[in-house]
Amino acid sequence: MGEDTIANDDNGAKTKPSPKLTLLPLVVLIFYEVSGGPFGVEDSVKSGGGPLLALLGFLIFPLIWSIPEALVTAELATSFPENGGYVVWISSAFGPFWGFQEGFWKWFSGVMDNALYPVLFLDYLKHSFPVLNHVAARVPALLVLTFSLTYLNYRGLHIVGFSAVLLAVFSLCPFVVMALLAVPRISPKRWLFVDFKKVNWRGYFNTMFWNLNYWDKASTLAGEVESPGKTFPKALFGAVLLVMGSYLIPLMAGTGALSSSSSGEWSDGYFAEVGMLIGGVWLKGWIQAAAAMSNLGLFEAEMSSDAFQLLGMSEMGMLPAFFAQRSKYGTPTISILCSATGVIFLSWMSFQEIIEFLNFLYALGMLLEFAAFVKLRIKKPDLNRPYRVPLNTFGAFILCLPPSLLLILVMVLATAKTFLISGVIIVLGFCLHPFLALVKEKRWARFIPEETRPVLEVTSESHVDEEHVDESSASLLP
């Protein structure tokens, strides 16, 4: 798919697709899908009643959540190296109806997540430019920022990947400096402080979950990755280490160097104050600038995944063909504009509302993914898996059990408002699928014919060159 020429959606001229993503840009894109740095983890100290639960959370949650999700993503993304990612997996396991529901839930939660980042970017800037507190200035700034970042996505995925690498270096450097400056002031006993009377379990689990999810998002770009069978497992392993380090090192430096009595002050943006207390005003300003730039990287990564997911669904015949139209840069124009429009309309919601809503929808989708992982092990044992999690079917089930229980816990802790709005979105998805089937039947819109669609699975293992399989079976974990 990526090697062929594609049609320019403006004049029908044949153009070459944009260059493929290589290992380093993919590592950083996954990093931005999941994390983007320690910005937003401060709430884990406050809601956890002190440093202990926050540090334990970012040590334990990756073991029961991030690593299982990354392993599942590595196996399925290399088995189905196509745009659409988890939509393809679910369709292969449970059929197109549930594949569509997965795509709708994940796209909606992704757009909600992306609506946060332009708002957070302006929130950091308003400390230096108070005029952004006024609606008359804030709304135009929000629109200009959203459309500027959308244009960068339009120009090509390789540009997004390269930009993300530069943003990651700039965003993480001040925390390396802060950690080095904090070493002489660290008292390890401060890490053990916890006040269980002040623990807010709903806020704690939502913060942990939000900061450690979306490992599967980059799978929607699988068709744009160079040698996905080799690149995806390595990229996921690198991203796991990068994410854990970007959370634990700043948290250990900040909570170990400052008094435990400050635990109640840890909220969004508090790392800037930590930087000032440890290094001075210059470090505070650097961290604020890094936080603002990190939000741009988060937006770019999320926008790319959301847009290529719609492209993949269109190539599968789930959405009208215009969602698969590509620009001369190889990017899905209509899909990008659709995602950008959703971001603008959802940007009025509050930070906590968005997190809880997107967590709920994301949890639903992940439960389907874990079920598909086990189902495909049973249903298609001979499916070519360039990377295979080294467990039998029962082991695969056990691998998915702890994260599935965590997903259910996150959903149970949701508010009644979240249940209501999420219920409306689920019903809307159930109605959209038959409606689009009617649109296809009545020919009210053009869909990609079945005979020209990408094949939904890789050939069976018995038909794959043995040397190629060995070369691409890079281990995700040592």
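Details of the structure are given in the entry above.
Quick look at the structure, then. Just so it is clear, the structure is predicted and the values come from calculations on it, not from any experiment.

**Describing the packing of helix H7 (residues 135-154) against helix H13 (residues 333-346)**
Line of reasoning, step 1. At a closest axis distance of 10 Å, the pairing of H7 and H13 adopts a crossing angle of 155°. Taken together, H7 and H13 sit at an angle that is classed as roughly antiparallel. Relative to H13, the crossing made by H7 is right-handed. Judged by residue contacts, Leu143, Thr146, Phe147, Thr150, Asn153 and Tyr154 of H7 engage Thr333, Ile336, Ala340, Val343 and Ile344 from H13.

**Side note on the packing of helix H9 (residues 201-211) against helix H15 (residues 393-412)**
Line of reasoning, step 1. Viewed as axis vectors pointing N to C, H9 and H15 meet at an angle of 130°, and their least axial separation amounts to 10 Å. Comparing the axis directions of H9 and H15 gives the class oblique. Relative to H15, the crossing made by H9 is left-handed. Touching Phe205, Asn206 and Phe209 of H9 are Leu406, Leu407, Leu409 and Val410, all from H15.
Line of reasoning, step 2. When its residues are assigned to classes, the contact of H9 with H15 shows six nonpolar, one polar and no charged.

**Focus: H13**
Line of reasoning, step 1. The terminal C-alpha atoms of H13, which comprises 14 residues, lie 20 Å apart, in line with the 20 Å expected from a rise of 1.5 Å per residue.
Line of reasoning, step 2. Within the sequence span of H13, burial applies to Thr333, Ser335, Ile336, Ser339, Ala340, Gly342, Val343 and Leu346.

**Brief notes about the nonpolar core**
Line of reasoning, step 1. Residues Ile30, Tyr32, Trp65, Met178, Phe271 and Phe373 are the most contacted members of the largest nonpolar core, which totals 144 residues.
Line of reasoning, step 2. The element contributing the most residues to this core is helix H14 (residues 351-379), with 16 residues.
Line of reasoning, step 3. Apart from residues no more than four positions distant in its own chain, Met178 is found in contact with Pro250, Ala253, Phe271, Val274, Gly275, Ile278, Leu283 and Ile287.

**As for empty space enclosed by the protein**
Line of reasoning, step 1. All chains considered together, the criterion is met by one cavity of 30 Å³ or more.
Line of reasoning, step 2. If you add up the space inside the largest cavity, you get close to 40 Å³.
Line of reasoning, step 3. For the largest cavity, the full set of lining residues is Pro51, Arg190, Gly254, Thr255, Leu258, Ser259, Ser260, Ser262, Ser263 and Trp266.
Line of reasoning, step 4. Here the lining of the largest cavity is built from residues that sort into three nonpolar, six polar and one charged.

**Some points on a nonpolar patch on the surface**
Line of reasoning, step 1. Taken together, the side chains of Phe394, Phe397, Ile398, Leu401, Leu405, Ile408 and Val412 make up a nonpolar region of the molecular surface, amounting to roughly 670 Å² of accessible area.
Line of reasoning, step 2. Tracing the chain through its elements places Phe394 in helix H15.
Line of reasoning, step 3. Given a relative accessible area of 59%, Phe394 falls into the exposed group.

**Thoughts on the packing of aromatic side chains**
Centre-to-centre distance and the angle between the planes together describe a pair of aromatic rings.
Line of reasoning, step 1. Applying the stated rule across the entire model yields 26 aromatic pairs.
Line of reasoning, step 2. Considering the side-chain rings of Phe58 and Tyr247, the 4.9 Å spacing of their centres and the 50° angle between planes classify their relative orientation as tilted. With Phe58 in helix H3 (residues 51-79) and Tyr247 in helix H10 (residues 228-257), this residue pair connects regions lying 189 residues apart in the sequence.
Line of reasoning, step 3. We classify Phe58 as buried; its relative accessible area is 1%.
Line of reasoning, step 4. Judged by centre distance (5.1 Å) and plane angle (75°), the ring pair of Phe360 and Phe419 falls under edge-to-face. Separated by 59 residues along the polypeptide, Phe360 in helix H14 and Phe419 in helix H16 (residues 416-442) bring together distant segments of the chain.
Line of reasoning, step 5. The class for Phe419 is partly exposed, based on a relative accessible area of 40%.
Line of reasoning, step 6. Grouped by ring-pair contacts, the aromatic residues Phe39, Phe175, Trp266, Tyr270 and Phe271 constitute a single cluster.
Line of reasoning, step 7. The cationic tip of Lys106 hangs over the ring face of Tyr86; the distance from NZ or CZ to the ring centre is 4.2 Å.

Criteria and cut-off values
Residues numbered from 1 in each chain as written. Predicted model: local features only at pLDDT ≥ 70, side-chain atom pairs only at ≥ 80, totals over all residues. Heavy atoms only, no water. Axes fitted to C-alpha atoms, helices over the stretch in contact; angles between N-to-C directions. Helix = DSSP H or I, 4+ residues; strand = E, 2+ residues; numbered from the N terminus. Parallel < 35°, antiparallel > 145°, perpendicular 65-115°, else oblique. Left-handed = near helix turned anticlockwise from the far one by under 90°. Contact = heavy atoms within 4.5 Å. Nonpolar A, V, L, I, M, F, W, Y, C, P; charged D, E, K, R; others polar. Expected span 1.5 Å × (residues − 1). Buried < 20%, exposed > 50% of the residue type's maximum accessible area, 1.4 Å probe, protein only. Core = buried A, V, L, I, M, F, W, Y, C linked by side-chain atoms within 4.5 Å. 1 Å grid on protein atoms, 1.4 Å probe; cavity = no way out; pocket = protein on both sides within 12 Å on 5 of 7 lines; lining within 4 Å. Points joined across faces, edges and corners; volume = space filled by probe spheres on them. Patch = residues over 30% accessible without salt bridge, like charges linked within 9 Å, V, L, I, M, F, W, Y side chains within 5 Å. Areas by Shrake-Rupley, 256 points an atom, 1.4 Å probe, with all protein chains shown as cover. Salt bridge = Lys/Arg side-chain N within 4 Å of Asp/Glu carboxyl O. Phe/Tyr/Trp six-rings, centres within 6.5 Å; stacked < 30°, edge-to-face > 60°. Lys NZ or Arg CZ within 6 Å of the ring centre and 35° of its normal.

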